[in-house]
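Remarks on the overall topology
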Amino acid sequence: MDSKAGADLPPSPVPSSDEESSSFVANILREIFSSPMNIALLAIICFLVYKIVRDRTEVPSVGAPKRTEPELPKMRRDFTVNELRQFDGNQPDGRVLVAVNGSVYDVSKGKRFYGPGGPYATFAGRDASRNLATFSVVSNDKDDYDDLSDLSAVEMDSVREWEMQFKEKYELVGKLLRKGEQPTNYDDDEEEETAANSDEIVGAQTGNITSEKNDSIRKRQIDKSKSKTGSEEGTQDLAADPTTEN
């Protein structure tokens with residue numbers, strides 16, 4: 001009798017998929033909010049996601065002035081160690097010069113790196129060769145020329161590699177002078193370059209005039225040749241045609 005009554009009991013309800021999903025989410029939320037550490041991590045993740053989305057979707061305002069650095073006139077001269085220190089980006093024109101392996105480069109366009117407040121501001125107005133060789137950002141405040149003679153072969157290779165990068169990216173200004181070394185007069189070089197450019201222009205113009213004259217002469221010769229050929233053909237036709245009246 002009891003077994004028959006038990007068989008008549010309705011089956012227990014099976015939870016639906018929606019109920020299982022809501023229960024799973026509820027368990028996850030309970031685990032997250034039950035620990036202060038989990039809440040802090042969730043806040044950090046949400047903040048990072050917000051920053052990424054905002055940076056990708058933010059549109060710059062129309063007409064907002066762009067900050068552009070003024071273009072400085074080209075400089076060509078040599079420097080002593082003390083003279084170079086005057087160009088660390090803190091002077092009125094803001095020019096930044098850095099010396100590498102005896103050469104001085106204008107790195108003003110990389111002011112965000114080498115200018116005041118930049119990660120390599122200690123290189124500005126200094127000889128950065130030793131810093132680059134030893135991966136140091138400590139300012140080189142030596143008053144004398146650093147000949148780098150105590151560096152190892154590997155460190156000198158590193159200096160030369162950096163020098164090549166500076167040559168490719170920045171404008172060469174001049175040399176870093178040793179004690180007693182006389183500066184180069186670059187004005188003479190500029191005058192020679194200007195004179196060479198003028199000679200090239202004059203030569204090109206002269207060549208164009210000569211070419212035009214030659215073309216004109218050849219054209220006249222061709223016209224004369226055609227005229228002569230036409231006259232000879234007309235004479236031959238008169239001699240061969242017996243019906244031609246004299």
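All values derive from a computational prediction rather than experimental measurement.

Some details on a nonpolar patch on the surface
A grouping of Phe 24, Val 25, Ile 28, Leu 29, Phe 33, Ile 39 and Leu 42 is seen on the molecular surface, where their side chains present a nonpolar patch of about 620 Å² in accessible area. Ranked by residues supplied to the nonpolar patch, first place goes to helix H2 (residues 17-33) with five residues. Its place among the elements puts Phe 33 in helix H2.

A closer look at the sheet that holds strand E3 (residues 171-175)
Reading across from one edge, E1-E2-E3 is the order of the three strands in this open sheet, with antiparallel pairing throughout. Both outer strands of the open sheet, strand E1 (97-100) and E3, are each paired with one neighbouring strand and no more. This sheet shows a mean twist of 35 degrees between the axes of neighbouring strands, independent of strand direction. Pairing of strand E2 (residues 103-106) with E3 involves four bridges; the strand directions are antiparallel.

Remarks on the pattern of salt bridges
Tallying each qualifying case throughout the model produces 10 salt bridges. We note a salt bridge from Glu 171 to Lys 74, for which the minimum N-O separation is 3.6 Å. Of this pair, Glu 171 sits in strand E3 while Lys 74 sits in the loop between helix H3 (36-57) and helix H4 (81-84); the two residues are 97 residues apart in sequence, bridging distant segments of the chain. Judged by relative accessible area, Glu 171 falls into the partly exposed class, the value being 42%. Lys 74 gets classed as exposed once you look at its relative accessible area, which sits at 66%. Its salt-bridge partner being Asp 143, residue Arg 85 comes within 3.0 Å of it at the nearest N-O pair. One end of the pair, Arg 85, is in the loop between H4 and E1; the other, Asp 143, is in the loop between helix H6 (129-134) and helix H7 (153-169), with 58 residues separating them in the sequence. Among the ionic contacts, a cluster of salt bridges with common partners joins Asp 93, Arg 95 and Asp 106.

Considering the environment of Glu 171
Taking the C-alpha atoms as reference points, Glu 171 and Arg 76, 95 residues apart in sequence, are found 9.6 Å from one another. Among all residues touching Glu 171, those that are not within four sequence positions of it are Lys 74, Val 104, Tyr 105 and Asp 106.

Considerations on the packing of aromatic side chains
Scanning the model with the defined rule gives seven aromatic pairs in all. Pairing Tyr 114 with Phe 166 gives two aromatic rings, centres 6.0 Å apart and planes at 55 degrees, and the pair type is tilted. Remark: Phe 166 occurs in helix H7 and Tyr 114 occurs in helix H5 (residues 111-114); sequence separation between them is 52 residues. On the accessibility criterion, Tyr 114 (9% relative accessible area) is buried. Judged by relative accessible area, Phe 166 falls into the buried class, the value being 2%.

Side note on unusual backbone geometry
Despite not being glycine, Phe 135 has its phi angle at roughly 55 degrees, a positive value. For Phe 135, the location among the structural elements is in the loop between H6 and H7.

Points about the side chain of Asp 146
Among the secondary structure elements, Asp 146 is positioned in the loop between H6 and H7. In this structure Asp 146 comes out as buried when scored by relative accessible area, which is 9%. Side-chain polar atoms of Asp 146 contact the side chain of Arg 130, separated by 2.7 Å. Apart from residues no more than four positions distant in its own chain, Asp 146 is found in contact with Asp 127, Arg 130 and Asn 140.

Topic: the nonpolar core
Counting residues in each nonpolar core, the largest one holds 12 residues, listed as Val 96, Val 98, Val 100, Tyr 105, Val 107, Tyr 114, Phe 123, Ala 124, Ala 128, Leu 132, Phe 166 and Tyr 170. Excluding its chain neighbours within four sequence positions, the residues that come into contact with Val 107 are Val 96, Leu 97, Val 98, Tyr 114, Phe 166 and Tyr 170. Within the second largest apolar cluster, 10 residues are counted, among which are Met 75, Val 81, Val 104 and Val 173.

Some points on the confidence of the model for the protein chain
Per-residue confidence for the protein chain gives a mean pLDDT of 77; residues scoring 70 or more make up 64%. Contacts from residues 58-62, a stretch scored under 50 in pLDDT, to residues over four places away or in other chains number zero contacts. Segment residues 235-246: pLDDT under 50, and one contact once partners within four positions in sequence are set aside and those in other chains are kept.

Points about H7
Compared with the 24 Å implied by 1.5 Å per residue over 17 residues, the 25 Å span of H7 between its first and last C-alpha is a close match. Among the residues making up H7, those that are buried are Met 156, Ser 158, Val 159, Glu 163 and Phe 166. In an axial view of H7, the angular spread of the buried residues amounts to 155 degrees, which keeps them on one side of the axis. Among the exposed residues of H7, those pointing more than 90 degrees away from its buried face are Ala 153, Val 154, Glu 161 and Glu 168. Buried-residue contacts for H7 involve E1, E2, H5 and H6.

Parameters and conventions
- Residues numbered from 1 in each chain as written.
- Predicted model: local features only at pLDDT ≥ 70, side-chain atom pairs only at ≥ 80, totals over all residues.
- Heavy atoms only, no water.
- Patch = residues over 30% accessible without salt bridge, like charges linked within 9 Å, V, L, I, M, F, W, Y side chains within 5 Å.
- Areas by Shrake-Rupley, 256 points an atom, 1.4 Å probe, with all protein chains shown as cover.
- Salt bridge = Lys/Arg side-chain N within 4 Å of Asp/Glu carboxyl O.
- Helix = DSSP H or I, 4+ residues; strand = E, 2+ residues; numbered from the N terminus.
- Pairing = 2+ DSSP bridges.
- Axes fitted to C-alpha atoms, helices over the stretch in contact; angles between N-to-C directions.
- Buried < 20%, exposed > 50% of the residue type's maximum accessible area, 1.4 Å probe, protein only.
- Contact = heavy atoms within 4.5 Å.
- Phe/Tyr/Trp six-rings, centres within 6.5 Å; stacked < 30°, edge-to-face > 60°.
- Polar contact = N/O pair within 3.5 Å; in protein donor to acceptor, adjacent residues only side chain to side chain.
- Core = buried A, V, L, I, M, F, W, Y, C linked by side-chain atoms within 4.5 Å.
- pLDDT = per-residue confidence, 0-100.
- Expected span 1.5 Å × (residues − 1).
- Arc of directions from axis to C-beta.

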